[in-house]
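Here's the letter readout for the chains.
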Amino acid sequence: MTALLEVEDLKVAYGKIEAVKGISFSVEEGQVVTLIGTNGAGKTTTLRTLSGLLKPLSGKIMFNGQPLNGVPAHKIVAMGLAHSPEGRRIFPRLSIAENLQLGAFLRKDSAGIEKDMQRAYDLFPILGERRKQAAGTLSGGEQQMLAMGRALMSQPKLLMLDEPSMGLSPIMMQKIMATIAELKAQGTTILLVEQNAQAALSLADQGHVMEVGSIVLSGTGQDLLHDESVRKAYLGED
Amino acid sequence: MHTLPQQLANGLILGSMYGLIAIGYTMVYGIVQLINFAHGEIFMTGGFGALTTYLILPDGISMWIALPLMLIGGGLVAVLIAVGAERFAYRPLRGAPRLAPLITAIGLSLALQQAVFNWYPDAENPRVFPTLPGGAFDITDNLKIQSGELFVLIAAPVCMASLAFFVRTSRTGRAMQATAQDPDTAQLMGIDTNRIIVIAFAIGGFFAAVAGVAYGFRVGSVTYDMGFVAGLKAFTAAVLGGIGNIYGAMLGGLVLGLAEGLATAYIADIPGMDQFGGQGWASVWAFILLILVLLFRPQGLLGERVADRA
């Protein structure tokens, strides 16, 4: 069986600076795959390239059997790839409900959209309580919930989450990670970028460690979690 | 003060026209952060397009038939030029340093003026614009409104209300708001932001054409350089109201029009200020108002502080 997402020797550059230097990995349907690594490792650049916001220098991206190279960002969503971006990027002056509706921008089935909005409110009750409120008034953690809910509204085949725990309190971080675990249990395929390696690897079927634009180590979540070098570099143990 | 109702009406008429043009500046700025300095010329070409449409129509045609056709003809010209400018002049420069599209806009503004001057028949002189029937309406003893001026008093609120309805309730309107707030993330929602940008230019162009027709009715003629001062005033109105905000553009236009009307009428009555009244000083007062707003409320009347947008 071929993988849902297959990335082969992907290179991405900002001007002359190569931020991603030829990485390859794949995501199978139903899997949670995580990219971990420090700031500047190229994780966000990778996700932004997959969703079409950045153009790759070279390499091949196959999603659901179709090439993504050269496809504009707004058409990639239609193919089933949703991206919850770094820094949450909710639309601050639109209401929570309007943000969620924008997540379903390309869908025509209003009954289904209504059902999925309810599902988002069930997943994150706080969003339901405040659905009429401007999204900019939410706390950081609530905005993260909204960003995830919004990405789910497109009924993606693959959900990409960029740093969902960034800047959150420990309690909120646990809540977000528990939600990701719940989505995994429901069968959602997820590509997760995280700086919180411990949390990400505990959830992941597959993990890849990125350093300055390259994948330096790959393995199952559990393997990496117990790998000596990973423990030293990313889990704060000496 | 028996002239006050008339001065207020004049201010509203002028301000409605400024507001209609200002919406084009503000929508484009709100979405691509570009000050389209050629927008004044889009207003001008809208006026000429409407005049051309009228001249093509058979002589003696009723203005009730001619007016809608003039709006369509002028609107078509202005929209095509606005959208063409976006497609061929501004889009290739997206992502370039912001000075580049700005200079391009100024160049385009001059090019459009010269094109009309050189190629439109007899454009070196003001071209006489048709008038609306009905003459002047005496509302009260102190208030008289020409039928040509009545046009903008009706057209501006209709345009503004339709736009507000469109932005708030339609799917495309919501996509516009999303694109204005965060263009990258809008793409992640599946929004074709290039299409949204084209729509913003088109709406701005059409509203500018409506203002061009209003200008023709009010002044009685159109000129190749009428877009220069009108464009600058409308830009002032957009900044005054808070650039990027469509309601602000209309409000800024009205405030500017009223300030100009009242200043020219009454400033000379203030002791020691008698030489500063009159039409010649109108623009001076308009731009002094702009400077004051920029000093004390740089985000404009309805604008949000930039920090709120993060």
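Each residue is numbered by its place in its chain's sequence as written, counting from 1. Note on labels: chains are lettered from A, ligands numbered from 1, in written order. Residue-level local features of this predicted model are given only where pLDDT is at least 70; pairs of side-chain atoms are given and counted only at 80 or more, and the full residue set underlies all totals for whole chains, interfaces and linings.

Enquirer: How should I be thinking about the overall build of chain B in this particular structure?
Expert: For chain B, the helix and strand inventory stands at 11 helices and four strands. Compactness check: chain B gives a C-alpha radius of gyration of 19 Å against a globular reference of 19 Å for 310 residues, within 12% of the reference. Taking as baseline every contact in chain B between residues at least 6 positions apart, the subset at least 24 positions apart corresponds to 74%. Working definition: helices are DSSP H or I runs of at least four residues, strands are E runs of at least two. Numbering for both runs from the N terminus. Throughout, the radius of gyration refers to the C-alpha atoms, and the reference size of a globule is 2.2 Å times the residue count to the power 0.38. By the convention adopted here, residues make contact when the C-beta atoms placed from their backbones lie within 7 Å.

Enquirer: What is the right way to look at the overall build of chain A in this model?
Expert: Within chain A, the secondary structure is distributed over 10 helices and 10 strands. By its C-alpha atoms, chain A is 45 × 40 × 35 Å across when sized along the principal axes. The exposure label follows from counting other C-beta atoms within 10 Å of a residue's C-beta, where the C-beta atoms are placed from the backbone and the thresholds are 20 or more for buried and 12 or fewer for exposed, leaving partly exposed in between. Expressed as a percentage of the 238 residues in chain A, the buried residues total 45%. In chain A, of all internal contacts separated by at least 6 residues, the share reaching a separation of at least 24 is 63%.

Enquirer: Mind showing me how you'd approach the interface of chain B and chain A here?
Expert: Where the parts come together, the accessible area they lose is often given as the size of the interface. Listed per partner, the contact involves 15 residues of chain B and 19 residues of chain A. When residues of the side of chain B that touches chain A are traced back to their parent elements, those giving at least two are α6 (171-181) and α7 (183-188) of chain B. Here the element with the most residues in the side of chain B that touches chain A is α6 of chain B; it accounts for five residues. By the convention adopted, Pro, Cys, Tyr, Trp, Phe, Met, Ile, Leu, Val and Ala count as nonpolar, Lys, Arg, Asp and Glu as charged, and the other residues, Gly among them, as polar. Here the side of chain B that touches chain A is composed, by residue class, of five nonpolar, five polar and five charged.

Enquirer: Just to check I follow, could you spell out the environment of Ser 58 of chain A for this structure?
Expert: Residue and element names in this part refer to chain A. With respect to the helices and strands, the residue Ser 58 is situated in strand β4 (residues 58-63). Ser 58 gets classed as exposed once you count the C-beta atoms within 10 Å, which come to 12. For the pair Ser 58 and Asp 9, spaced 49 residues apart in sequence, the C-alpha separation works out to 7.5 Å.

Enquirer: Mind showing me how you'd approach helix α2 (residues 39-56) of chain B here?
Expert: An α-helical turn contains 3.6 residues, so any two residues separated by three or four positions project in the same direction. Multiply 1.5 Å by the residue count of a helix minus one, and that product is the helix's expected span. For α2 of chain B, which comprises 18 residues, the first-to-last C-alpha distance of 26 Å matches the rise-based estimate of 26 Å (1.5 Å per residue) to within 8%. Burial analysis of α2 of chain B places 15 of its 18 residues in the buried class, the great majority of the element.

Enquirer: Hey, could you run me through the sheet that holds strand β9 (residues 206-211) of chain A in this one?
Expert: Sheets are built from strands paired through backbone hydrogen bonds, the pairs being either parallel or antiparallel. Residue and element names in this part refer to chain A. An order of β6-β7-β8-β3-β9-β10 is seen for the six strands of this open sheet, with the pairing classed as mixed. Edge positions in the open sheet fall to β6 (81-84) and β10 (214-220), since each of these has one partner strand only. Pairs of neighbouring strands in the sheet enclose a mean axial angle of 15°, with direction left out of account. One requirement defines pairing of two strands: DSSP has to find at least two bridges between them. Relative to β9, strand β3 (residues 32-36) is paired through four bridges, and the arrangement is parallel. Along β9, the bridge assignment pairs Thr 34 with Gly 207. A fitted line through C-alpha atoms represents every axis, and for helices the fit uses only the stretch in contact; the resulting angles, taken between N-to-C directions, go from 0 to 180 degrees. Here helix α1 (residues 43-50) sits on the sheet in contact with β3, β6, β7 (158-162), β8 (190-194) and β9, set at roughly 145° to β7. Packed onto the sheet, helix α6 (residues 140-152) meets β6 and β7 and runs at close to 170° relative to β6.

Enquirer: Explain unusual backbone geometry here, please?
Expert: Residues apart from glycine generally show negative phi values, whereas peptide bonds are mostly found in trans. Backbone geometry places Asn 64 of chain A, a non-glycine residue, at a positive phi of 55°. Along the chain, the position of Asn 64 of chain A falls in the loop between β4 and β5 (66-67). Take Asn 64 of chain A: there are 16 C-beta atoms within 10 Å of it, and that puts it in the partly exposed class. One non-glycine residue, Asp 122 of chain B, lies in positive phi territory at about 60°. By the element assignment, Asp 122 of chain B lies in the loop between α4 (99-119) and β1 (127-128).

Enquirer: Would you mind showing me how to read the environment of Arg 127 of chain B here?
Expert: Residues and elements named next belong to chain B. Locating Arg 127 in the fold gives a position in strand β1. Note on Arg 127: 20 C-beta atoms within 10 Å, which makes it buried. For the pair formed by Arg 127 and Tyr 224, sequence separation is 97 residues and the distance between their alpha carbons is 9.0 Å. In this structure, Arg 127 is in contact with Leu 51, Asp 122, Ser 221 and Val 222, ignoring residues within four places of it in sequence.

Enquirer: Would you explain the nonpolar core in this entry?
Expert: Side chains that are nonpolar tend, in soluble globular proteins, to be buried together. For our purposes the nonpolar core covers buried Ala, Val, Leu, Ile, Met, Phe, Trp, Tyr and Cys residues that link as a set through C-beta atoms within 7 Å. Counting residues in hydrophobic clusters, the biggest one holds 160 residues, and the most contacted among them are Met 17, Ile 21, Val 210 and Ala 211 of chain B. Once you skip the residues sitting within four places of it in the chain, Ile 21 of chain B turns out to touch His 39, Phe 43, Ala 208, Ala 211, Ala 230, Gly 231 and Ala 234 of chain B.

Enquirer: Whenever I open this one, helix α7 (residues 170-185) of chain A confuses me. Can you help?
Expert: Residue and element names in this part refer to chain A. For α7, which comprises 16 residues, the first-to-last C-alpha distance of 22 Å matches the rise-based estimate of 22 Å (1.5 Å per residue) to within 8%. Among the residues making up α7, those that are buried are Ile 176, Met 177 and Ile 180. Across the axial projection of α7, the buried residues extend over an arc of 95°, all falling on one side. Exposed and facing more than 90 degrees away from the buried side of α7 are Ile 171, Ala 178, Glu 182 and Ala 185. On its buried side, α7 packs onto α6, β8 and α8 (197-203). This arc corresponds to the set of directions leading from the helix axis out to the C-beta atoms.

Enquirer: Just checking my understanding: could you explain the confidence of the model for chain B for this structure?
Expert: Caution applies to low-pLDDT regions: their predicted coordinates should not be interpreted in detail. Residue and element names in this part refer to chain B. Looking at chain B, the pLDDT average stands at 93 and 97% of residues meet or exceed 70. Contacts of residues 306-310 to residues separated by more than four positions or lying in other chains number two contacts, the stretch itself having pLDDT below 50. In the predicted assembly, ipTM is 0.94 and pTM is 0.92. As a per-residue quantity, pLDDT reports the predictor's confidence and falls between 0 and 100.

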